[in-house]
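As a plain string of letters, each chain reads:
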Amino acid sequence: MTRDAREGAPWDGGPDGEAPREECGVFGVFGAADASALVALGLHALQHRGQEAGGIVVYDEARGEFHAERRLGLVRDNFTSKEAIEALPGDKAIGHVRYSTAGGKGTQTALRNVQPLFGEFEPGGCAVAHNGNLTNAVHLRRYLTQRGSIFQSDSDTECVIHLMARSIQGPIRERMEDALRAVEGAFSVVALTRGMMIGVRDPLGMRPLVIGRRGEAWVLASETCALDIIGAEYLRDVEPGEMVTITDEGLRSSRPFPPAARRFCIFEYVYFARPDSFVDGRGVYETRRRIGEELAREQPAEADLVCPVPDSGVPAAIGYARESGIPFDYGIIRNHYIGRTFIEPSEQIRNMGVRLKLNVNRALVEGKRVILVDDSVVRGTTSLKIMQMVRDAGAKEVHFRIASPPTSWPCYYGVDTPERDKLLAAQHDVEGMRRFIGVDSLGFISLDGLYRACGEAEGRQAAAPQFCDACFSGDYPIRPRDAEAGLTGPGCAPKRPVLVTRKAS
Ligand code: AMP
């Protein structure tokens, strides 16, 4: 589904609001007169990474104050008016868009969880925006609350604030290093103090973070598409395990963590990142197109037409068509004007399902053998409904091709996936999935094929995988400590013993 044109979070990936949703986007500007307006634009470009809420914190040099605004809803509805921007004066600002992967989803709870979070420490204030998910946050929260910390939200990120407060280090940057050494999991963090913007990635570099420049100003962003929107130039990625500290004196780099082998999230290429972005050194569109080419080689089918499930299946379908020589066409048309406000109030409308968003181009598919290409199958409920529609429109044969291996394992690093027992691939083999979805044939790209498409000519190095592919392989590069203990929410008691992982390397 299109990342940039997404309108309603509950709608994406599934008609019932039950499909997994993605993580978060972070953005920061240091040293530009209109910092909050630039951050609002950057967040708008990152809206595909989270549509539930957004927030901006600025430092106003003239008054020596921080200003913060956190709202539920889309950036364009909350941060584009003159008043909204004027309420956020200053030349340094950071922002965040979220879909909660940790933290409650009720309105009040949700508002408390909207980032950037803010802490007032002895050396001054610090705002923190986090993309990723901490795998020991519940353990840490228990430890901290037992020692007197009073949490204001149930976001995993708040642990970082409390750890910073307890740090015996003096300056804020050192406190942050201290705090981040205690957390486990995935983090790309952007933070703002009175005179400093900090960008830091976890040692494995699971989530993206890039550095840009716009004239004299410095920019940090989850993806390069957010640099483009403000006319900033891409400089480089923040490296895994690197902390960059930006002040009036310029950018300084440090390595506060023990070195580790990089494991960037491969699902960013499959689905998350916007196709016009470059993340972790690779162009997303180009990678997706190559995935489609690999898929065509590995999973050929005799057909008249290759059609994408729009929009996330488009680049892979183009690659598939190019490699197979079968014509590409839009057999499914997407309505881009599906919005939360329209959908949420009515159960009846919700039940109309995927038809509100996608419609089959009957004239094109009728009587044809069609190859449909989508990025992934998670629960399978969306695919099931799409395939029914294509059949109802008179397709003679439907061959479903998936631009990722079967999603068999939940993600604990910032991708909101359902529990394992809700993942179709955890319940069925490919033939069982084919029958469930109701297609003539079903084929997934192999993990090696996916690696090759991501530029790893030899495929996946089993002894030292180059990416985090836990959702496909069950090989978790960081033990999901909370989940293994059955801890799923803030301060919660273990609910049930669960098999959450196959292995942790
Ligand atoms: P389903 O199999 O019904 O759960 O839906 C799968 C579809 O959801 C895929 O084709 C993707 O377009 C989309 N999808 C996959 N992963 C995610 C995610 N983490 N968040 C939102 N949508 C997703």
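One structure accompanies this document, and this report is about it. (Residues numbered from 1 in each chain as written. Predicted model: local features only at pLDDT ≥ 70, side-chain atom pairs only at ≥ 80, totals over all residues. Heavy atoms only, no water.)

Turning to the pairing of strand S13 (residues 250–254), a few remarks are in order. Moving residue by residue along a regular strand, the side chains alternate between the two faces of the sheet. Examined bridge by bridge, strand S12 (residues 243–247) and S13 share five bridges and lie antiparallel to one another. Paired with Thr247 across the bridge in S13 is Gly250. Linkage of S12 to S13, two consecutive antiparallel strands, is achieved through a turn of two residues. (Pairing = 2+ DSSP bridges. Helix = DSSP H or I, 4+ residues; strand = E, 2+ residues; numbered from the N terminus.)

As a further point, take the environment of Arg141. Relative to the elements of secondary structure, Arg141 occurs in helix H5 (residues 137–146). Classification of Arg141 by relative accessible area gives buried; the value is 9%. C-alpha of Arg141 to C-alpha of Asp156: the two residues are 15 residues apart in sequence and 8.2 Å apart in space. (Buried < 20%, exposed > 50% of the residue type's maximum accessible area, 1.4 Å probe, protein only.)

The biggest cluster of nonpolar side chains holds 47 residues, and the ones touching the most others in it are Phe267, Val306, Tyr320, Ile371, Val373, Tyr413 and Leu450. If you list the elements that add at least two residues to this core, you get strand S14 (264–265), helix H9 (267–272), helix H10 (284–298), helix H11 (314–324), strand S20 (369–374), helix H18 (447–453), strand S23 (467–468) and helix H19 (470–473). Element by element, the count of residues in this core is highest for H9, at five residues. Residue contributions to this core reach at least three from each of two domains, namely domain 1 (27–263) and domain 2 (283–453). Setting aside residues up to four positions removed in sequence, Tyr413 forms contacts with Gly132, Asn133, Thr135, Ala186, Met206, Arg207, Cys468, Ala470, Tyr476, Pro477 and Ile478. Counting 28 residues, the second largest nonpolar core, distinct from the first, contains Val354, Val365, Ala393 and Phe444. (Core = buried A, V, L, I, M, F, W, Y, C linked by side-chain atoms within 4.5 Å. Domains from an automatic or database assignment. Contact = heavy atoms within 4.5 Å.)

In space, the six strands of this open sheet follow the order S5-S6-S7-S8-S12-S13, with antiparallel pairing throughout. The outermost strands of the open sheet, each flanked by one partner alone, are strand S5 (117–121) and S13. Across the sheet, the mean angle separating the axes of adjacent strands is 20° when strand polarity is ignored. In terms of strand pairing, S5 meets strand S6 (residues 124–131) through five bridges, oriented antiparallel. If you follow Gly119 over to S6, its bridge partner there is Cys126. Lying on the sheet, helix H6 (residues 158–166) is in contact with S5 and S6; it crosses S5 at an angle near 5°. Its contacts with the sheet place helix H7 (residues 172–182) against S5, S6, strand S7 (188–192), strand S8 (197–201), S12 and S13, and it is angled at close to 40° to S6. (Axes fitted to C-alpha atoms, helices over the stretch in contact; angles between N-to-C directions.)

Enumeration according to the criterion identifies 13 aromatic pairs in this entry. An angle of 65° between the planes, with centres 5.8 Å apart, marks the rings of Phe187 and Phe257 as edge-to-face. Placement of the pair is Phe187 in the loop between H7 and S7 and Phe257 in the loop between S13 and S14, with a sequence separation of 70 residues. Ring plane angle 85° and centroid distance 5.3 Å describe the contact between Phe328 and Tyr330, whose orientation is recorded as edge-to-face. Of the residues examined, Tyr330 reaches a relative accessible area of 35% and is grouped as partly exposed. By way of ring pairs, the aromatic residues Phe264, Tyr269, Tyr451 and Phe467 are connected into one cluster. The ring of Trp409 carries Arg420 above its face, with NZ or CZ at 3.6 Å from the centroid. (Phe/Tyr/Trp six-rings, centres within 6.5 Å; stacked < 30°, edge-to-face > 60°. Lys NZ or Arg CZ within 6 Å of the ring centre and 35° of its normal.)

Okay, the packing of H5 against H6 next. The interhelical angle for the contact between H5 and H6, taken along N-to-C directions, is 40°, at an axis separation of 10 Å. In terms of orientation, H5 lies oblique with respect to H6. The two elements H5 and H6 meet at a crossing, and its hand is left-handed. Between H5 and H6, the contacting residues are Ala137, Leu140, Arg141, Tyr143 and Leu144 on the first element and Cys159, His162, Leu163 and Arg166 on the second. Taken together, the residues of the contact of H5 with H6 sort by class into six nonpolar, one polar and two charged. (Parallel < 35°, antiparallel > 145°, perpendicular 65-115°, else oblique. Left-handed = near helix turned anticlockwise from the far one by under 90°. Nonpolar A, V, L, I, M, F, W, Y, C, P; charged D, E, K, R; others polar.)

A word on the environment of Glu61. Its location among the elements puts Glu61 in the loop between strand S2 (53–60) and strand S3 (65–72). With 134 residues separating them along the chain, Glu61 and Gly195 place their C-alpha atoms 8.9 Å apart. Those residues in contact with Glu61, other than ones at most four positions away along the chain, are Asp91 and Lys92.

Here we come to the sheet that holds strand S4 (residues 92–98). Reading across from one edge, S3-S2-S4-S1-S10-S9-S11 is the order of the seven strands in this open sheet, with antiparallel pairing throughout. Of all the strands in the sheet, just S3 and strand S11 (233–237) have a single pairing partner and so form its edges. On average, adjacent strands in this sheet sit at an angle of 15° to one another, irrespective of strand direction. Note: strand S9 (residues 210–214) against S11, four bridges, orientation antiparallel. Following the sheet pairing, Val210 is matched in S11 by Asp237.

Both faces of strand S17 (residues 305–308) are covered, namely the face carrying Leu305 and Cys307 and the face carrying Val306 and Pro308. Across four bridges, S17 lies against S20 in parallel orientation. When the bridges of S20 are listed, Cys307 appears paired with Leu372.

Moving on, we come to H5. When H5 is considered as a whole, its buried residues turn out to be Ala137, Val138, Leu140, Arg141 and Leu144. Angular distribution of buried residues about the axis of H5 spans 155°; they occupy a single face of the element. As for H5, its buried residues are in contact with H6, H7 and helix H20 (481–484). At the exit of H5 stands Gly148, carrying a positive phi of roughly 105°. (Arc of directions from axis to C-beta.)

Turning to the side chain of His48, a few remarks are in order. Relative to the elements of secondary structure, His48 occurs in the loop between helix H1 (35–45) and S2. Classification of His48 by relative accessible area gives buried; the value is 1%. Within polar-contact distance, the side chain of His48 engages the backbone oxygen of Ala45 at 3.3 Å. (Polar contact = N/O pair within 3.5 Å; in protein donor to acceptor, adjacent residues only side chain to side chain.)

On to unusual backbone geometry, then. In this chain, Gln115 is followed by Pro116 through a cis amide linkage whose omega measures 5°. Take Pro116: it is sitting in the loop between helix H4 (107–112) and S5. Following Pro310, the chain continues to Asp311 via a peptide bond in cis, the omega torsion being -5°. Checked against the element boundaries, Asp311 lands in the loop between S17 and H11. In this model, Asp280 sits at a positive phi of 50°, which is unusual for a non-glycine residue. In this fold, Asp280 is placed in the loop between strand S15 (278–279) and strand S16 (282–283).

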